[in-house]
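Here is how the chains run, residue by residue.
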Amino acid sequence: MTAPNNELTGEPALYASLIASGVQLAAAFWLPWTTAQVAVVNALVLAIAGVWVAFTTRSIDNGGSVKAAILGAAQAAISLAVTFGWHATDEQTAGLMTFVGLLVAVFIRQTSKPKGAYDLAA
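Residues numbered from 1 in each chain as written. Predicted model: local features only at pLDDT ≥ 70, side-chain atom pairs only at ≥ 80, totals over all residues. Heavy atoms only, no water.

Caption draft 1: Here's a closer look at the packing of aromatic side chains. Applying the stated criterion across every chain yields a total of two aromatic pairs. Plain terms: the ring middles of Phe29 and Trp30 are 5.7 Å apart, the flat faces sit at 45° to each other, and that makes the pair tilted. On the basis of relative accessible area, Trp30 is assigned to the exposed category, the value being 65%. Aromatic pair Trp33 and Phe84: ring centres 5.2 Å apart, planes at 75°, arrangement edge-to-face. In this pair, Trp33 sits in the loop between helix 1 (11–29) and helix 2 (35–56) while Phe84 sits in the loop between helix 4 (64–83) and helix 5 (90–109), placing the two residues 51 residues apart along the sequence. The class of Trp33 is partly exposed, set by a relative accessible area of 29%. (Phe/Tyr/Trp six-rings, centres within 6.5 Å; stacked < 30°, edge-to-face > 60°. Buried < 20%, exposed > 50% of the residue type's maximum accessible area, 1.4 Å probe, protein only. Helix = DSSP H or I, 4+ residues; strand = E, 2+ residues; numbered from the N terminus.)

This is the structure we're talking about:
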């Protein structure tokens, strides 16, 4: 039996860097964005790239990293929305993050499983 190919390539980082530099270029020439706005857009791009890497390598950790990556992307998206003018209270933000966390847990629970004691000892 051959092991699955879980080798990471530089493609997610390359594409994220390309998008980030495109955002910076657009902000420098055409978009009236502040440095903070460019930074949160780039943070969201990198968080989405993290979700992609977590999904493509989920067989390594049985899907455990997918939930953390999606929660990080959701947090970056909320930061982006707040930076661009969304007025949310702490309670609204906490409620939204709780909902996203539970939603992800419902779907990931069915695809991830803890490693058995024999797997951990090996």
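Next comes the rest of the write-up.
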